[in-house]
Amino acid sequence: KLNGNNFLDVGFGGGQFLLAAKNLRFNVYGVEVDKKSFNKMKNFVDTIYNCELSEALLEENFFDIIKAAQVLEHIYNPKSELKKIYELLKCGGFLIADVPNQNSLMAKIKKILFRFGISNNYGFLYSPGHLYGFNRKSLSVGLEKAGFKIMKIVYTSTMDPRYHPTTPPYDNSL
């Protein structure tokens, strides 16, 4: 059960979750390094930052929910990012994290294609985009070392609307 309604989206991309949370009457905040994504959302959300999470002027122990979907694999230091997220969450707050599973069937197929020179990506790792690969164990260890208690791990496809409600079709007219 939430104690408040402060929502932070780290790496908000197209901003669909920010808008959904705003429509649900959350106080929404966002951090996004991509200037184009930031500019797209700056007129729709009051408190967003175009910078790294560590550079954003955010209050510790403030957020009830923090979402970091498809973000941690892009960060140069995911350990410090997770610690920062933990500091920003209220006691009893929730982190919703989403990373590609380096042990998934798709990642294994990509690794085989890489070995045969058909793909430039080793699983979900590629430069300069995905700097880190995660699996269930490495993600769990990283979260626990940052102070999190893991409540649930779910394997999904990015096309599964139960866990990715903003995947196409969505209104991308903003």
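The structure displayed is predicted, hence computed values, not measured ones.

Conventions we followed
Residues numbered from 1 in each chain as written. Predicted model: local features only at pLDDT ≥ 70, side-chain atom pairs only at ≥ 80, totals over all residues. Heavy atoms only, no water. Helix = DSSP H or I, 4+ residues; strand = E, 2+ residues; numbered from the N terminus. Buried < 20%, exposed > 50% of the residue type's maximum accessible area, 1.4 Å probe, protein only. Salt bridge = Lys/Arg side-chain N within 4 Å of Asp/Glu carboxyl O. Pairing = 2+ DSSP bridges. Axes fitted to C-alpha atoms, helices over the stretch in contact; angles between N-to-C directions. pLDDT = per-residue confidence, 0-100. Contact = heavy atoms within 4.5 Å. Phe/Tyr/Trp six-rings, centres within 6.5 Å; stacked < 30°, edge-to-face > 60°. Right-handed = clockwise from strand over helix to strand, strands pointing away. Patch = residues over 30% accessible without salt bridge, like charges linked within 9 Å, V, L, I, M, F, W, Y side chains within 5 Å. Areas by Shrake-Rupley, 256 points an atom, 1.4 Å probe, with all protein chains shown as cover.

Participant: Quick question: what am I supposed to make of unusual backbone geometry here?
Facilitator: Note on backbone geometry: most residues besides glycine have negative phi, and most peptide bonds are trans. The phi dihedral of R25 falls on the positive side, at around 70°, and the residue is not glycine. With respect to the helices, strands and loops of the structure, R25 is situated in the loop between α1 (16-23) and β2 (27-31). You will see that Q70, though not glycine, has its phi angle at about 55°, which is positive. When you line up the elements, Q70 lands in the loop between β4 (63-69) and α3 (78-88). A relative accessible area of 30% places Q70 in the partly exposed class.

Participant: Which parts of the structure should I look at to understand the pattern of salt bridges?
Facilitator: Side-chain pairing between opposite charges can occur once the charged atoms of the two side chains come close. The full count for this structure, using the stated rule, is two salt bridges. Here D64 and K90 are joined by a salt bridge, their closest N and O atoms 3.2 Å apart. Taken as a pair, D64 in strand β4 and K90 in strand β5 (residues 89-98) lie far apart in primary sequence, 26 residues in all. The class for D64 is buried, based on a relative accessible area of 2%. Residue K90 is classed as partly exposed on the basis of its relative accessible area, which comes to 24%.

Participant: I keep staring at the sheet that holds β4 and nothing clicks. Help me out?
Facilitator: Taking strand neighbours across the sheet as the criterion, the five strands line up as β3-β2-β1-β4-β5 in an open arrangement whose pairing is parallel. Strands with a single pairing partner mark the edges of an open sheet, and in this sheet they are β3 (47-49) and β5. Each adjacent strand pair in this sheet contributes to an overall mean axis angle of 15°, direction not counted. Examined bridge by bridge, strand β1 (residues 6-10) and β2 share five bridges and lie parallel to one another.

Participant: For this particular structure, what's the right way to read the confidence of the model for the protein?
Facilitator: Low-confidence regions, as indicated by low pLDDT, have predicted coordinates that should not be scrutinised in detail. Chain-level pLDDT for the protein is 82 on average; 80% of the residues reach the 70-or-more range. Note on residues 166-174: pLDDT is under 50 here. Beyond four places in sequence and across chains, it has 12 contacts.

Participant: Please clarify how the packing of aromatic side chains should be interpreted in this entry.
Facilitator: Within a pair of aromatic rings, the relevant descriptors are the distance that separates the centres and the angle that separates the planes. A complete count under the given rule lists five aromatic pairs for this structure. Centre to centre, the rings of F62 and F63 are 5.0 Å apart; their planes meet at 90°, and the pair counts as edge-to-face. Look at F63 and you get buried, because its relative accessible area is 0%. Ring-pair connections join several aromatic residues into one group, and the members of that group are Y29, F62 and F63.

Participant: Can you walk me through the pairing of β5 in this structure?
Facilitator: Taken residue by residue, a regular strand's side chains alternate between the two faces of the sheet. For β4 and β5, the ladder comprises six bridges, and the chain directions are parallel. In the sheet register, I65 faces β5, and the bridge partner there is F94. The parallel pair β4 and β5, bridged by α3, forms a crossover whose chirality is right-handed.

Participant: Where do I start with a nonpolar patch on the surface in this structure?
Facilitator: A surface patch of nonpolar side chains, amounting to about 730 Å² of accessible area, comprises L105, M106, I109, I112, L113, F116 and I118. Residue placement: L105 occurs in helix α4 (residues 105-115).

Participant: Where do I start with the pairing of β1 in this structure?
Facilitator: Of all the five residues making up β1, five are buried; the element is thus mostly covered by neighbouring parts of the structure. Residues N6, L8 and V10 line one face of β1 and the alternating positions F7 and D9 line the opposite face, and both faces are buried. After leaving β1, the chain enters α1 and then returns to the sheet as β2, a path that is right-handed. Of the pairings in the sheet, the one linking β1 to β4 comprises three bridges and is parallel in character. Paired with D9 across the strands is K67, a residue of β4.

Participant: Would you take a moment to explain α1 for this structure?
Facilitator: Listing the buried residues of α1 in full gives Q16, L18 and A21. Those residues of α1 that are buried lie in contact with β1, β2, α2 (35-41) and β3. A positive phi of about 70° marks R25, the residue just after α1.

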